2 protein chains.
Amino acid sequence: MKRIYLDNNATTPLTPEIFEYYISLTQTIYGNPSSVHHEGRDAKACLVEARKRVAHCLDVLPTEVFFFPSATEALNTALYSVLKKNPKGHVVTTNVEHVAVFEVLESESRLRPVTFIAVGETGAPTPKDIEEAIREDTCLVTCMSVNNETGVITDIEAIGAICARKGIPFIVDAVAHLGKAPLHIPKGVSCLVISGHKIHVPKGCAAVVSKAPFKLSSLLLGGHQEWSKRPGTENVPAYATFAKGLEIFKTHEDDSIHHLQSLRDRFEKALLSHIPGLLVNGSGERVSNVSNLSFPDLDAETFLMQLDMQGIAASHGSACSSGSLEPSRILTNMGYPRKRVLSAIRFSFGRQNTLEEVDEAVLKIVQILKTQR
Amino acid sequence: MKRIYLDNNATTPLTPEIFEYYISLTQTIYGNPSSVHHEGRDAKACLVEARKRVAHCLDVLPTEVFFFPSATEALNTALYSVLKKNPKGHVVTTNVEHVAVFEVLESESRLRPVTFIAVGETGAPTPKDIEEAIREDTCLVTCMSVNNETGVITDIEAIGAICARKGIPFIVDAVAHLGKAPLHIPKGVSCLVISGHKIHVPKGCAAVVSKAPFKLSSLLLGGHQEWSKRPGTENVPAYATFAKGLEIFKTHEDDSIHHLQSLRDRFEKALLSHIPGLLVNGSGERVSNVSNLSFPDLDAETFLMQLDMQGIAASHGSACSSGSLEPSRILTNMGYPRKRVLSAIRFSFGRQNTLEEVDEAVLKIVQILKTQR
């Protein structure tokens, strides 16, 4: 059975173009960029070029881009860069952050004041929420620009303006944003994290954009790679492929986003017209590729298995938390009733998906629901 | 000009067999192992299998193997697992450790007693050195099983026995050991770190073997991957390819080591016979693939450039430190005179090297030296 992969917020398959690029680099660029010989210099040049290309795509300076092997490490590093310097400072965040931010701040909340803003059913904090939560002793504001479970967008431009005015560092998790909506890094954002494997690039690469006066501090000790912000031999083929993935997205940005939005809107519209009582989770403005839906009187776990047997891959929340089979922490914290949370499924579209797949998925979903009744 | 790559301790090219395996996985296994659908379960199965295969090669339990994206992170994680629990405990290590261990312990030495054993010209600590350094308050012994710059072997079996008897955790950096000599994990070794990119496997994978009662503690906070020891989406294709690389080595272990040793011995013997005054650095027993040589009256930096122009890649020490153009910390700490350190070059052989390459390299080296005189 042909599979329809609608879990692109968990991770993505490589596109053929990116795959070809990656394997050619894996064959040819094997030197250690710290080595001074030909093979090392080739790797170094590729790394320098990758950094420039990422910087160009994000409209920042190459010296503001730091490569990491994972977004979790990148986010932890960014957060602890502030937290370790301000052991008692107050932190403002939300109750819908990814586990790589949430676990750090939950742990910190035992040692310092942390405000977890309750975002409610919109799914994102408002600039006013953030401003009101800021105190005299606030040392950090952090939130995601796009929620990975609902796709809801946070107004990081307005929040950045507040943080800039008050002189507070603002760290943004843009992992679910990249490739799904135009990404401009507004004034006031001190530090922003993106990840490769969510945009059809191999696993093992992420980047931190760090803007002065923000100072990234390495969590690890060792060599002086990445200007001493991330010791260890750089995975140059993966990092350069990340740059390639960003460039491809940038070149076709409008088309790419339009394609994702067509898929998602067609899917959602069809299901809403076929399934009475179907609810869209997250009432705020959303990026192009996510449809988080609660199916009336349905157990999401069972339904996901049925979908899977019919060839459709979807999820009931973040993959990083989904092993637990717990109801989504995000939807729960948004204040939805337990029944709605337990019947919620996230469909997330990717560049490789087609309108035909959408139609087939809709058909199968409606059929499964019919059989159940 | 055909290149002769003799810097395999910095990093290695993929062998054709490993490359083929890796690219096939990169195409087919793209799911997130935390996802419960077909694509996720495929990735999970591949990961579980990879762990079993690594465990089998190292003769440990699958539950004792933890994958990491880099050896630096793996070593840091292992060390801090003990250090954070024992904030004042004394640490025993040597003065020739890799920077990923050295930097951690140098930083700790500002907060607690750390004994850096002076290994001398043999290049490795003796079990007696370790035993004598251990105190009442020693909470950790750590050293490498093979030095990355000299190839000198440490007797981790005897040191393991001492640590087991005294009940002290013993962390071993086996990065320069793997693939160069048989690797048995002896009694008393609590935790051991290996890296993929030194054995012709893609960058981005390392593993920690952690034996009870040793408890690995994650440095990062986030998802519950790797039994909560390393949060973040697992790079399954790379980890499975690491398993493949280990299996290939294990299957051909004797041949592989014999091949490396033939290359190194032929190279060293030829140079010693041609170059009066040539000195081998590290008088202790060495693994098969490293030849660290001091050339009389020669500046290593200049000579490395000349070698490079003649198509030969070598280095003057660890790649992780080589950007600095500082004289090797390892050779300096071994007590060699500055002149000997500044004229030292590390040649490290890999599985792809041939006897013909060795002969050509010897010829070119001798020629360069002749031209200079």
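Quick note: structure is the one above.
Procedures and definitions
- Residues numbered from 1 in each chain as written.
- Chains lettered and ligands numbered in written order.
- Predicted model: local features only at pLDDT ≥ 70, side-chain atom pairs only at ≥ 80, totals over all residues.
- Heavy atoms only, no water.
- Buried < 20%, exposed > 50% of the residue type's maximum accessible area, 1.4 Å probe, protein only.
- Helix = DSSP H or I, 4+ residues; strand = E, 2+ residues; numbered from the N terminus.
- Pairing = 2+ DSSP bridges.
- Right-handed = clockwise from strand over helix to strand, strands pointing away.
- Axes fitted to C-alpha atoms, helices over the stretch in contact; angles between N-to-C directions.
- Contact = heavy atoms within 4.5 Å.
- Salt bridge = Lys/Arg side-chain N within 4 Å of Asp/Glu carboxyl O.
- Least-squares fit on C-alpha atoms with pLDDT ≥ 70 in both.
- Buried area = accessible area lost by both parts, 1.4 Å probe.
- Phe/Tyr/Trp six-rings, centres within 6.5 Å; stacked < 30°, edge-to-face > 60°.
- Lys NZ or Arg CZ within 6 Å of the ring centre and 35° of its normal.

Draft legend 1. Main features of the pairing of strand β3 (residues 90–94) of chain B. Residues and elements named next belong to chain B. The element β3 is largely enclosed, with a buried count of five among its five residues. Here three bridges tie β3 to strand β5 (residues 138–144), and the two strands are oriented parallel to one another. Among the inter-strand pairings, H90 is bridged to a residue of β5, identified as T138. The sheet contact formed by β3 and strand β4 (residues 114–117) spans four bridges and is parallel. Residue T94 lies in a different strand from β4, and its bridge partner there is I117. For the segment spanning β3, helix α4 (residues 99–108) and β4, crossover handedness is right-handed.

Draft legend 2. Quick peek at the sheet that holds strand β6 (residues 170–173) of chain B. All names here are of chain B. With mixed pairing, seven strands are arranged side by side in an open sheet as β2-β8-β7-β6-β5-β3-β4. The outermost strands of the open sheet, each flanked by one partner alone, are β2 (65–68) and β4. Direction aside, neighbouring strands of the sheet carry axes that sit 15° apart on average.

Draft legend 3. Representation of unusual backbone geometry within the structure. In this model, A212 of chain A is joined to P213 of chain A through a cis peptide bond whose omega is 5°. Positionally, P213 of chain A belongs in the loop between β8 (206–210) and α7 (225–228). The phi dihedral of E226 of chain B is positive, around 50°, even though this residue is not glycine. By the element assignment, E226 of chain B lies in helix α7 (residues 225–228). Take E226 of chain B: its relative accessible area is 4%, and that puts it in the buried class. For D297 of chain B, which is not a glycine, the phi torsion comes out positive at approximately 55°. Inspection of the secondary structure puts D297 of chain B in the loop between β10 (290–294) and α10 (300–309).

Draft legend 4. Quick look at the environment of I365 of chain B. All names here are of chain B. By the secondary structure assignment, I365 is in helix α14 (residues 355–372). A C-alpha to C-alpha distance of 33 Å links I365 and A118, two positions 247 residues apart in sequence. Discounting residues that sit within four places of it in the chain, I365 has contacts with F267, L271, I275, F295, F303, L307, I312 and F347.

Draft legend 5. Local environment of the pattern of salt bridges. All names here are of chain B. Evaluation of the coordinates by the stated rule reveals 40 salt bridges over all chains. With a shortest N-O distance of 2.9 Å, R135 and D137 are connected by a salt bridge. With a relative accessible area of 33%, D137 lands in the partly exposed category. With a closest N to O distance of 3.0 Å, D265 and R264 form a salt bridge. D265 gets classed as partly exposed once you look at its relative accessible area, which sits at 33%. We classify R264 as buried; its relative accessible area is 3%.

Draft legend 6. Inspection of the sheet that holds strand β3 (residues 90–94) of chain A at higher detail. Residue and element names in this part refer to chain A. Read from one edge of the open sheet, seven strands run β2-β8-β7-β6-β5-β3-β4, paired in mixed fashion. This sheet does not close on itself; its edge strands, each paired only once, are β2 (65–68) and β4 (114–117). Shown here is a sheet whose adjacent strand axes are inclined to one another by a mean of 15°, direction ignored. Of the strand pairs in this sheet, β2 and β8 are connected by four bridges, and their pairing is antiparallel. Note on β8: the bridge partner recorded for V65 is V209. Packed onto the sheet, helix α6 (residues 156–166) meets β5 (138–144) and β6 (170–173) and runs at close to 160° relative to β6.

Draft legend 7. Spotlight on the relation of the copies chain A and chain B. Between chain A and chain B, the superposition needs a rotation of 180° and an axial shift of 0.0 Å, giving an RMSD of 0.0 Å. Within this description, the copies of the chain are treated as partners about a two-fold rotation axis. Mapped onto chain B, 100% of the interface residues of chain A again fall at the interface, so both copies present the same surface.

Draft legend 8. Examining the interface of chain A and chain B more closely. With 57 residues of chain A in contact, the opposing surface of chain B contributes 58 residues. With both chains or domains summed, chain A and chain B bury close to 4700 Å², and 61% of this area falls on carbon and sulfur atoms. Contact with chain B buries area across many residues of chain A, yet Y30, K203 and L221 of chain A alone supply 15% of it, more than any other trio. At the junction of chain A and chain B, the tally comes to six salt bridges. Residues E73 of chain A and R230 of chain B are paired through a salt bridge, measuring 3.4 Å at the closest nitrogen-oxygen approach. At the level of elements, α1 (16–28), α2 (38–58), α3 (71–83), α4 (99–108) and α11 (319–322) of chain A are the ones that each hand at least two residues to the side of chain A that touches chain B.

Draft legend 9. Local environment of the packing of aromatic side chains. Overall, the coordinates contain 17 aromatic pairs over all chains when judged by the stated rule. Taken together, a centroid distance of 5.2 Å and an interplanar angle of 85° make the contact between Y30 of chain A and Y5 of chain B edge-to-face. Of the two residues, Y30 of chain A sits in the loop between α1 and α2 while Y5 of chain B sits in strand β1 (residues 4–5), which places them in two different chains. The two residues Y30 of chain A and Y5 of chain B agree in class, both being buried. The structure contains a cluster of three or more aromatic residues connected by ring pairs, namely F267, F295, F303, F347 and F349 of chain A. The ring of F102 of chain A has R329 of chain A lying over it, and the distance from NZ or CZ to the ring centre is 4.0 Å. When the ring centre of Y80 of chain B is taken as reference, the NZ or CZ atom of K84 of chain B above it lies at 5.8 Å.

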